[in-house]
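# Structural description and commentary
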Amino acid sequence: MVKKIAQFIKPLTVIILTILCILPLNACAAAEASKTASDDQIYQQRTVHNPDGIGKFYMGREIAQVMGYQGASWLERPSRGMEEKSARLVNNLDLKPTDIVADIGAGTGYISFRIAPLVPQGKVLAVDVQPEMINFLELNKQEKKIANVEPVLGSIDNPNLPENSVDLVVMVDAYHEFAYPREMMQGIVKALKPGGRTVSIEYRGENPLIPIKGLHKMTQKQVKKEMAAVGLVWKETKDMLPQQHLMVFEKKSQI
């Protein structure tokens, strides 16, 4: 009888030990599956989408295709100042002479070089993800002889700026093209000093008459939702530009 019990217990013990060994692996697999599900909740990829977009959706919005460096001449078009009231835009950023400003998606530096004279004791960090645009920035810096503009090569998910180093972040018609808007904005928030501001300038998505492709416009509601997701607080919207919203957000003292 004892011998029969021993024969029964031995395989049972093996089974129990096997289950105990497998459990941690299942826990790891579950954790990894949870992480993947979490990532999927941030971004969704769709095969059927707007041809002007990349098929990647964030908070209900399809991300627009990036305007490549081949369009640099359009950024510097002579009519831009009149069309967009660029001087009015820059003069409404409430800049201090000592401000450190980051121009994200700076392109050729059209806005950066207009901000620079207003921060003579500060500087402008002109951030772009395209090395070709960085080359344009360097050439324009030499030509204009403006020393307080510093080109910075960012990545598609990181502006590559030091933590707590920036007073103001400006994004002029750029945010809607960020391939990783959540990660990019998290990097921007880290770079902002406590109480620092982010200014988002986007063509008004509420107005179908503005002759800009739909994915290259944004509504106030959508911008507020996406900025709130990274802890930025909406302060005001200045609608003194012909076709764009100028929306001001602030970093809390503690996020």
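Residues numbered from 1 in each chain as written. Predicted model: local features only at pLDDT ≥ 70, side-chain atom pairs only at ≥ 80, totals over all residues. Heavy atoms only, no water.

### Description of the overall build of the protein
Across its full length, the protein holds eight helices and eleven strands. Looking at the 255 residues of the protein, the share that counts as buried comes to 43%. For the protein, contacts bridging at least 24 residues in sequence account for 65% of all contacts bridging at least 6. Split by element, the accessible area of the protein, about 13700 Å² in all, is 59% carbon and sulfur. (Helix = DSSP H or I, 4+ residues; strand = E, 2+ residues; numbered from the N terminus. Buried < 20%, exposed > 50% of the residue type's maximum accessible area, 1.4 Å probe, protein only. Contact = heavy atoms within 4.5 Å. Areas by Shrake-Rupley, 256 points an atom, 1.4 Å probe, with all protein chains shown as cover.)

### Some thoughts on helix α8 (residues 220–228)
If you check which residues of α8 are buried, you get Q220, Q222, V223, E226 and M227. On an axial view of α8, the arc spanned by its buried residues comes to 165°, and they lie on one face. (Arc of directions from axis to C-beta.)

### Re the sheet that holds strand β2 (residues 53–58)
Strands pair in a sheet through their backbones, by hydrogen bonds, and they do so in one of two ways: parallel or antiparallel. Ordered by their spatial adjacency, three strands build an open sheet running β1-β2-β3, and the pairing between neighbours is antiparallel. The strands lining the two open edges of the sheet, one partner per strand, are β1 (43–45) and β3 (61–64). Strand after strand, the sheet turns through a mean of 40° between neighbouring axes, direction not considered. Strand contacts of helix α7 (residues 181–191): β1, β2 and β3, with the helix running at about 150° to β1, the strand carrying the most contacts. (Pairing = 2+ DSSP bridges. Axes fitted to C-alpha atoms, helices over the stretch in contact; angles between N-to-C directions.)

### Observations regarding the pattern of salt bridges
Under the criterion given, the structure shown has nine salt bridges. A salt bridge links R77 to E84; the nearest nitrogen and oxygen atoms lie 3.3 Å apart. Each member of the pair, R77 as well as E84, is classed as buried. Of the charged contacts, one joins D94 and K238 as a salt bridge, the two residues approaching to 3.0 Å between their closest N and O atoms. Here the residue D94 occupies a position in the loop between α4 (86–91) and β4 (100–104), and K238 occupies one in strand β10 (residues 232–238), the gap between them amounting to 144 residues. Under the relative-accessibility criterion, K238 is labelled buried at 14%. (Salt bridge = Lys/Arg side-chain N within 4 Å of Asp/Glu carboxyl O.)

### Points about the nonpolar core
One finds I104, L161 and M185 to be the most contacted residues of the largest nonpolar core, which totals 29 residues. The set of elements that each furnish at least two residues to this core consists of β4, β5 (123–128), β7 (166–172), α7, α8 and β11 (244–251). In terms of residue count, α7 provides more of this core than any other element does, five residues in total. Leaving out residues up to four positions away in the same chain, M185 has contacts with M171, Y175, F178, T198, M227, V230 and L232. With 25 residues, the next largest nonpolar core counts L89, Y110, I111 and I115 among its residues. (Core = buried A, V, L, I, M, F, W, Y, C linked by side-chain atoms within 4.5 Å.)

### Overview of the side chain of K217
Structurally, K217 is set in strand β9 (residues 217–218). In terms of polar contacts, K217 uses its side chain to reach the backbone carbonyl oxygen of N207, at 3.0 Å. At a separation of 3.2 Å, a polar atom in the side chain of K217 contacts the main-chain carbonyl oxygen of I210. Leaving out residues up to four positions away in the same chain, K217 has contacts with Y203, R204, G205, N207, P208, I210 and I212. (Polar contact = N/O pair within 3.5 Å; in protein donor to acceptor, adjacent residues only side chain to side chain.)

### Examining the confidence of the model for the protein
Of the residues in the protein, 84% reach a pLDDT of 70 or more, and the chain-wide mean stands at 87. Ignoring residues within four places in sequence, the model shows residues 1–6, a span with pLDDT below 50, making zero contacts including any to other chains. Confidence drops under pLDDT 50 across residues 12–38; counting only partners more than four residues distant or on other chains, this segment forms zero contacts. (pLDDT = per-residue confidence, 0-100.)

### So, unusual backbone geometry
One non-glycine residue, N160, adopts positive backbone phi at about 60°. Following the sequence through the fold, N160 ends up in the loop between β6 (149–153) and β7. Relative accessible area serves as the criterion here: at 40%, N160 is assigned to the partly exposed category. If you check the backbone angles, D173 has positive phi at about 50° while not being a glycine. Relative to the helices and strands, D173 is located in the loop between β7 and α7.

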